[in-house]
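# Structure assessment
As a plain string of letters, each chain reads:
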Amino acid sequence: MLARRLWLAIAFLGFFSASAQGQLYYYGDLYVYEDGAQAWTLAHLPYSWLYMTLGLYRNSSQVAYASDQGADTVSIWLSNEGCLPPYTWYVADGYVEGYSEYYEDWFYGQFWEDDRTPGSSVNVDSASIPADNIQVTLSPCGGYGPLTLQVEGDMTHTIFQGDRGGGSHSFSFDIDNLPNDREFTLVRATWEPYFSPAESGTLQYHFKVLGDYNHTQYNTPDHNLNCSGPMVPFTYINEPTCWAIDCPSAQTASDQALNGWLDEVRENGTGLHPTLGIMWGEPQCISRARYRRTGRTCPACLALGELVPFQDVAICLSHLDLNCGDTVYVHGVGTRIVKDRGGRVGPNQLDHYIGITGCNVYTHYGNKKTIKLY
Amino acid sequence: MATHIPAWKAITVLVALGALVCVGQRSRVAAQTQAPAPLTIDSAPERILYEVFFQAVVAWDRRASDPEVPAARRNKVRDHMREVVGLDVSDYQLVKSVAYWVVSFLQENAIRADAILRDAKLSAEDRQKALALLKAERDAAIDAAVLRLRNYFGSAGFWELDQRVRGHIVPRLRILTTPSGPPPPKQE
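Residues numbered from 1 in each chain as written. Chains lettered and ligands numbered in written order. Predicted model: local features only at pLDDT ≥ 70, side-chain atom pairs only at ≥ 80, totals over all residues.

## Considerations on the overall build of chain B
A count of helices and strands for chain B gives six helices and one strand. Of the regular secondary structure in chain B, the N- to C-terminal order runs α-α-α-α-α-α-β. Per-residue burial for chain B yields a buried fraction of 27% across its 188 residues. Contacts in chain B between residues at least 24 apart in sequence constitute 72% of all its contacts with a sequence separation of at least 6. (Helix = DSSP H or I, 4+ residues; strand = E, 2+ residues; numbered from the N terminus. Buried ≥ 20, exposed ≤ 12 C-beta atoms within 10 Å, placed from the backbone. Contact = placed C-beta atoms within 7 Å.)

## Thoughts on the overall build of chain A
Secondary structure assignment for chain A yields two helices and 22 strands. Relative to the 2.2 N^0.38 estimate, which gives 21 Å for 374 residues, the radius of gyration of chain A is 39 Å and therefore markedly larger than a compact globule would have. With the C-alpha coordinates of chain A rotated into their principal frame, the extents come out at 125 × 60 × 35 Å. Considering only contacts within chain A whose residues lie at least 6 apart along the sequence, 67% involve residues at least 24 apart. (Rg over C-alpha atoms; globule rule 2.2 N^0.38 Å.)

## Re the confidence of the model for chain B
Residues and elements named next belong to chain B. Residues with a pLDDT of 70 or more make up 74% of chain B, whose mean pLDDT is 80. Looking at the elements of chain B, mean pLDDT is at its lowest for helix H2 (residues 25-34), recorded as 34, and at its highest for helix H3 (residues 46-63), recorded as 95. Across residues 1-34, where pLDDT falls below 50, the model places 28 contacts with residues more than four positions away in sequence or in other chains. If you check the scores for this complex, the pTM reads 0.73 and the ipTM reads 0.74. (pLDDT = per-residue confidence, 0-100.)

## Regarding H3(B)
Compared with an ideal rise of 1.5 Å per residue, which puts 18 residues at 26 Å, H3(B) spans 25 Å between its outermost C-alpha atoms and is within 8% of the ideal. Listed as buried for H3(B) are B:Leu49, B:Tyr50, B:Glu51, B:Val52, B:Phe53, B:Phe54, B:Gln55, B:Ala56, B:Val57, B:Val58, B:Ala59 and B:Trp60. (Expected span 1.5 Å × (residues − 1).)

## What to know about the environment of A:Ala244
Residues and elements named next belong to chain A. With respect to the secondary-structure elements, Ala-244 resides in the loop between strand S13 (231-237) and strand S14 (252-258). Here Ala-244 falls in the exposed class, since 8 other C-beta atoms lie within 10 Å of it. In this structure the C-alpha to C-alpha distance between Ala-244 and Gly-271, which are 27 residues apart in sequence, comes to 20 Å.

## As for the pairing of strand S11 (residues 182-191) of chain A
Residue and element names in this part refer to chain A. Two strands pair when backbone bridges link them, and strand S8 (residues 144-153) and S11 are joined in this way by seven bridges, in the antiparallel orientation. From the neighbouring strand, Thr-148 faces S11, where its bridge partner is Thr-190. In this sheet, strand S12 (residues 199-221) lies alongside S11 in antiparallel orientation, the contact comprising nine bridges. Looking at S12, one finds that Trp-191 is bridged to Glu-199. (Pairing = 2+ DSSP bridges.)

## Section: the environment of A:Leu30
Secondary-structure assignment places A:Leu30 in strand S1 (residues 23-33). Note: C-alpha distance between A:Leu30 and A:Leu56 (26 residues apart in sequence) is 9.1 Å.

## Comments concerning the sheet that holds S13(A)
Residue and element names in this part refer to chain A. With mixed pairing, five strands are arranged side by side in an open sheet as S14-S13-S17-S16-S15. Looking at the sheet topology across the chains shown, the edges are occupied by S14 and strand S15 (270-273). Each strand axis lies, on average, 40 degrees off the axis of its neighbour in the sheet, ignoring direction. In this sheet, strand S17 (residues 291-293) lies alongside S13 in parallel orientation, the contact comprising two bridges. Note that in S17 the partner of Tyr-236 across the bridge is Tyr-291. (Axes fitted to C-alpha atoms, helices over the stretch in contact; angles between N-to-C directions.)

## Regarding unusual backbone geometry
All names here are of chain A. A cis geometry characterises the amide bond from Ser-139 onward to Pro-140, with omega recorded as 5 degrees. Within the element layout of this structure, Pro-140 appears in the loop between strand S7 (133-139) and S8. Although it is not a glycine, Asn-59 sits at a positive phi angle of roughly 45 degrees. Locating Asn-59 in the fold gives a position in the loop between strand S2 (36-58) and strand S3 (61-81). You will see that Phe-195, though not glycine, has its phi angle at about 70 degrees, which is positive. Within the secondary structure, Phe-195 sits in the loop between S11 and S12.

## Section: the sheet that holds strand S10 (residues 167-171) of chain A
Residues and elements named next belong to chain A. Here we have three strands laid out as an open sheet, ordered S6-S7-S10, and antiparallel in their pairing. The sheet terminates laterally at strand S6 (121-128) and S10, the two strands that pair on one side only. Between one strand axis and the next, the sheet turns through 20 degrees on average, direction left out of account.

## Examining the nonpolar core
Core analysis: the biggest nonpolar cluster contains 65 residues, and A:Ala43, B:Val52, B:Phe53, B:Phe54, B:Val57, B:Val102 and B:Ala145 have the highest contact counts within it. Looking at this core element by element, the count peaks at eleven residues for S2(A). Beyond its immediate chain neighbours, meaning those up to four positions away, B:Val102 contacts B:Phe54, B:Ala141, B:Ile142 and B:Ala145. Counting 35 residues, the second-largest nonpolar core is a separate cluster that includes A:Leu138, A:Leu149, A:Phe173 and A:Val345. (Core = buried A, V, L, I, M, F, W, Y, C linked by C-beta atoms within 7 Å.)

## Considering the confidence of the model for chain A
The share of residues in chain A with pLDDT of 70 or more is 94%, and the mean pLDDT across the chain is 91. Taken as a whole, residues 1-20 of chain A scores under 50 in pLDDT and shows 21 contacts with residues more than four places along the chain or in a different chain.

## Notes on the packing of H3(B) against helix H5 (residues 89-118) of chain B
Residue and element names in this part refer to chain B. Between H3 and H5, the least distance of the axes is 8 Å, while the angle of their chain directions is 105 degrees. In terms of orientation, H3 and H5 fall into the roughly perpendicular class. In this structure, H3 contributes Phe-54, Gln-55, Val-57, Val-58 and Asp-61 to the contact, and H5 contributes Val-95, Lys-96, Ala-99, Tyr-100, Val-102 and Val-103. Of the residues that constitute the contact of H3 with H5, the class distribution is eight nonpolar, one polar and two charged. (Parallel < 35°, antiparallel > 145°, perpendicular 65-115°, else oblique. Nonpolar A, V, L, I, M, F, W, Y, C, P; charged D, E, K, R; others polar.)

## Notes on the pairing of S1(A)
Here S1(A) lies mainly inside the structure; nine of its eleven residues are buried. Hairpin remark: S1(A) followed by S2(A), antiparallel, with two residues in the connecting loop.

## Comments concerning the environment of A:Ser228
Residues and elements named next belong to chain A. Of note, Ser-228 is situated in the loop between S12 and S13. Residue class for Ser-228 comes out exposed when judged on the 12 C-beta atoms lying within 10 Å of it. For the pair Ser-228 and Arg-288, spaced 60 residues apart in sequence, the C-alpha separation works out to 25 Å. If sequence neighbours within four positions are ignored, Ser-228 has contacts with Leu-258 and Gly-260.

## Details of H5(B)
Given a rise of 1.5 Å per residue, 30 residues ought to cover 44 Å, and the 43 Å separating the end C-alpha atoms of H5(B) matches this to within 8%. Inspection of H5(B) places B:Tyr92, B:Val95, B:Lys96, B:Val98, B:Ala99, B:Val102, B:Val103, B:Leu106 and B:Ala113 among the buried residues, and these make up the whole buried set.

Okay, structure coming up:
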């Protein structure tokens, strides 16, 4: 009630203070986005009759049209949606005429606005060497033209070149053809839809192609599986510690094992004895014994824990690119962690730990493209 | 850049111009007053500017719920005016509530005006008075809504909002000024 009184008071003051001049106002807005446009017009002429039209054009062709009429205030919405190429040109073209009963006169106005849809955009969504996949999203969906996919680092290598339309695309790294001994830090996709300038998107992705390495296997041979030779006595250090040991004071003991199994323990670094458990090829106290009863695998990268079958690999004693804990991708095999070193492992070789199996039971993977992942 | 003037529009303009010529002296006045006053960002009248702005805020918000607009596009349409004025969601919520209030008021005002215009029993003078009162109410409502924004945003905040509103609305707005005073007597 109070509000109503207030309004009446304001209106009363307004009546005596305001000029009686009236105004037709006419407003239009064209909003263009990646795959369409919305156009809106509004006209207002107090105490009047209005007639209004609005046309929406796309690249000079009319795509929508509407007219409306009514009293006082009239508005029209038009929209157009589609899978459009970049820089599609929209025009909104409107007209209004009104007759004011109050002024007994005609008034009219025009509206014209144009705009273009956004240019192309390229997004490298993800990249994964292990999944051999690069995911790229190109927009707008109506664009079509040459796409170049490259990896950049100490050189630029082109992975893919060809025409593609807007949307989401998957690409292979084409791993077999990645150049050896090259380090890359970036994936770049460059798209040049027809009639539009080139745009590119990048994703930081760090890897080094080490080369075509020889991939061998090693294991923890089980004395009871496939081992041969006569039973022979052997001496071992009876200290369940890995690596560090006070050699002169270390306790030793003796037992018996198949000769072939003992050879395998020295070759592979570990072996499973039927009564003593996991034995380790002693690297530090050879003058007193060639084996140590550790009860565990004791890899060179001791801080990383026990060796895990089909997950961990051994590298040579001094590798230029790889160290404990590094991740490597072996094409066609999978991702592995560097957790061990071996004196007999070459610089272009990775030795894959396959767990407890029999004597001489392993299959080499052969030469495979090997990539360090950062 | 080519413009498009459809045939219907040319005809309509010609008809309108013809009408202006036919009504003689009063038409010349009308023709003069129909020339759009050049609007600048700073000189555009606040009341009209904000009436359009409030109408636009409501229209785009409602448009976002229109089934004609694809679902994937609705948030963009809903956010159009918010992005125009560069406000965060909570500040824009206040703007929207003020806009809905004032637009609803204007709609009611227009209905009342229509009733007055249709009332054959009213004399010309009474009708003019009644309409002038409604116009004053209308103006006061818009002024009150703008004042609400001023109070909410403070002078610096409102100045920023005002610049954005003007920057967007003014280039898209045409204002045609009608003659001052009551309409001249009909020429028999």
